[in-house]
Amino acid sequence: MHATTTTTTGPRHAEMACRSGSRSRITTPSAAKFDISDLDMPGIDGDLQSVQTELGASFGEDGVALTYSSGSKQQAVEASDSGVALVDRSHWPRLILQGRDRGPLLQKYTTHDFTGLTPGSGCDTVLLDSNGHAVDLVTAFLSESHATLVVSPGGQRAVTDWVAAMCADGDLKVKVVDVTHRTNMLALVGPESENVLREMTAAGAGEPPVPGLAGAYGSHSLLNFRGTPLQVSVGCGLPCNGYTIVCDESVSGELFSLFAVKGCILMGEEEWECTRVLAGRPSLAAGELGPGCAPLEAGLYHTTSLRKAIGYDGMRALASAEATGHVRELWGLSLASSASPGDRISLGGVEVGRVSSATTTPTGEHFALGYVSAAAGGGGAGGRLASGMAVQVGDSAVGTLSDLPYASRGFLAAPVAGVVLGPGSKVMATQAEAEAARAVEGAVLLAAEKKVRVAEGAARLAAWQARQMGGRQA
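Residues numbered from 1 in each chain as written. Predicted model: local features only at pLDDT ≥ 70, side-chain atom pairs only at ≥ 80, totals over all residues. Heavy atoms only, no water.

A. Representation of the overall build of the protein in the model. A count of helices and strands for the protein gives 10 helices and 19 strands. Sequence-distant contacts, at least 24 apart, represent 69% of the contacts inside the protein between residues at least 6 apart. As presented, the protein carries roughly 21,000 Å² of accessible surface, and 53% of it is formed by carbon and sulfur atoms. (Helix = DSSP H or I, 4+ residues; strand = E, 2+ residues; numbered from the N terminus. Contact = heavy atoms within 4.5 Å. Areas by Shrake-Rupley, 256 points an atom, 1.4 Å probe, with all protein chains shown as cover.)

B. Structural detail: the pattern of salt bridges. Applying the stated criterion across every chain, the model contains 11 salt bridges. Here R276 ties to E288 by a salt bridge, and the two come within 3.1 Å at their closest N and O atoms. Highlighted residues: R276 in helix α8 (residues 269-279) and E288 in the loop between α8 and α9 (313-324), separated in sequence by 12 residues. (Salt bridge = Lys/Arg side-chain N within 4 Å of Asp/Glu carboxyl O.)

C. Structural context of the side chain of N224. Structurally, N224 can be placed in strand β10 (residues 220-225). A polar contact is formed between the side chain of N224 and the backbone nitrogen of G227, at a distance of 3.0 Å. A polar contact is formed between the side chain of N224 and the backbone nitrogen of T228, at a distance of 3.4 Å. (Polar contact = N/O pair within 3.5 Å; in protein donor to acceptor, adjacent residues only side chain to side chain.)

D. Spotlight on the packing of aromatic side chains. Counted by the stated rule, this structure contains four aromatic pairs. The interplanar angle of 25° and the centroid separation of 6.4 Å between the aromatic rings of Y68 and F256 together place this pair among those described as stacked. Taken as a pair, Y68 in strand β2 (residues 65-68) and F256 in helix α7 (residues 249-261) lie far apart in primary sequence, 188 residues in all. For the ring pair Y109 and Y312, a centre distance of 4.7 Å and an interplane angle of 70° mean the geometry is edge-to-face. Pair noted here: Y109 is in helix α4 (residues 102-109) and Y312 is in the loop between α8 and α9, with a separation of 203 residues, a long-range link. Given a relative accessible area of 0%, Y109 falls into the buried group. In this structure, R328 packs its charged tip against the face of Y371, placed 3.8 Å from the ring centre. Taking the ring centre of W331 as reference, the NZ or CZ of R409 above it sits at 4.7 Å. (Phe/Tyr/Trp six-rings, centres within 6.5 Å; stacked < 30°, edge-to-face > 60°. Buried < 20%, exposed > 50% of the residue type's maximum accessible area, 1.4 Å probe, protein only. Lys NZ or Arg CZ within 6 Å of the ring centre and 35° of its normal.)

E. A look at the nonpolar core. By size, the foremost hydrophobic cluster in this structure holds 46 residues, and its most contacted members are L97, L105, L149, W162 and V163. Within the residue set of this core, elements represented by two or more residues are β4 (94-98), α4, β5 (122-128), β6 (134-142), β7 (147-150), α5 (156-170), α9 and β17 (366-373). At six residues, β6 tops the list of elements feeding residues into this core. Among residues more than four places away in sequence, those in contact with V163 are L97, L105, V174 and V176. Of all hydrophobic cores here, the second largest spans 32 residues; its members include V84, F225, Y243 and I245. (Core = buried A, V, L, I, M, F, W, Y, C linked by side-chain atoms within 4.5 Å.)

F. Representation of the pairing of β2 within the structure. Pairing of strand β1 (residues 57-59) with β2, which is carried by three bridges, proceeds in the antiparallel orientation. Bridging from a neighbouring strand, S58 pairs with T67 of β2. (Pairing = 2+ DSSP bridges.)

G. Seen up close, the packing of α4 against α5. At a minimum axis distance of 11 Å, the contact between α4 and α5 shows a crossing angle of 95°. In this view, α4 runs roughly perpendicular relative to α5, as classed from their interaxial angle. Residue-level contacts link L105, K108 and Y109 of α4 to W162, V163, M166, D169 and G170 of α5. Here the residues of the contact of α4 with α5 are counted per class, giving five nonpolar, one polar and two charged. (Axes fitted to C-alpha atoms, helices over the stretch in contact; angles between N-to-C directions. Parallel < 35°, antiparallel > 145°, perpendicular 65-115°, else oblique. Nonpolar A, V, L, I, M, F, W, Y, C, P; charged D, E, K, R; others polar.)

H. Unusual backbone geometry, seen in detail. Even without being a glycine, D171 presents a positive backbone phi close to 55°. Within the secondary structure, D171 sits in the loop between α5 and β8 (175-178).

I. Fine view of the sheet that holds β7. Taken in spatial order, the five strands make up an open sheet running β5-β6-β7-β4-β8, and their pairing is antiparallel. Bordering the open sheet on either side are β5 and β8, each of which pairs with just one other strand. Neighbour-to-neighbour, the strand axes of the sheet open up by a mean angle of 30°, direction not taken into account. Of the strand pairs in this sheet, β6 and β7 are connected by four bridges, and their pairing is antiparallel. When the sheet's bridge partners are listed, F141 is paired in β7 with T148.

J. Molecular detail of helix α6 (residues 193-201). Buried within α6 we find S193, V196, L197, R198, M200 and T201. In the stretch just after α6, A202 is the one whose phi turns positive, near 60°.

K. Broad picture of α4. Burial in α4 covers these residues: R102, L105, L106, Q107 and Y109. Buried residues along α4 sit in contact with β4, β5, β6, β7 and α5.

L. Quick peek at the sheet that holds strand β15 (residues 344-347). Taken together, six strands build a closed barrel; the order of strands is β14-β17-β16-β15-β18-β19 and the barrel is antiparallel. Strand-to-strand, the axes of this sheet are offset by a mean angle of 40°, without reference to chain direction. Where β15 meets strand β18 (residues 390-393), two bridges bridge the pair, whose relative direction is antiparallel. In the strand pairing of β18, I345 is matched with V393.

Pasting the structure below:
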């Protein structure tokens, strides 16, 4: 059952949603291949913002939709668990890496193991400096001719400078092309996102919602919408079911309108930020990524492999820190009253950290994120920080440490080869179990097929022998 919204569609919005009938479906491309780096500049300016304005959006100074008067903030925040929300993530920069050394660059200087990943796959990975600290958390999509990086808002310069520095270090040749202003990026967030996408693609029962799109996190496929290419990928930037769609700016308004008509709850930047904090996704703007921030301390184990060959000082520093133990860890803070970034986190009168992000939900619950000294875990289970530990935030706020859905606190004991894991320990475990089950199922089917082939071969042999005997008797 689809989540519903109180959105009312204006005349122009309804006309865009209904015109052309089946032509507004998302289809497989008629051309052999689309290349996202070939998207042309659109002929219509501000089309997406016009649709958002008609739907009741209020905008920040940077032009990002902050919230929608026609929607429900509570439903938007809760959609990741129980519905589907539509959010415009176009302000997240998209950078194209071109050149034959793009693979070696990502393999050597980022945390993920790209060995075995093929065009059409993707993953989260952390760009490392030489100290093993996080320059940024990015999502990488691999294509035959290039790799696309979705980076944090405001992170273009840092990532571009990082590419230049790493290319100089490794004598690599990689070109960076910024396609942020030539495209838009929308996300469907929540368990009902697959059903909405299935309706948009007219997929039949039992068929994948996107033809040719595998279910693995980061996998992506190129489709067609009104003659322009769409890149549809698995994952929405949060630890829940969802999809991300990168499209030509000229059709983004109509696409947004169609998703809204399908019952998607409208999520603005304010609701996204609230959901991000509740999930525990680290932010570059909040100082949870960047200089001095180690990826594993931020709970980014799902982005990291220490099994690959390590040939860079940043990876060596990360591996050493993992072996000796973390200095601090990013935790959630469930609070009795509101907090602000920069507030002290204290335990027994001793400062053990600082609040980095804080939010108040539409239902009045207070929650924050902050790095907490690992040494403060002396009272926890096994001498480690643990959910439920009481702390003081600021001068008087009482809080407890809380697990974060986005965070993964350790590597899988038995990783499945070739499996790309999404964020969060629960997601990691679930995906690993699913892949293991599929492997067992595949082995069973292979054995059954072999048994059938052996039986068929024996039957053919018996028939041949019978013909031979009949011929001799004649």
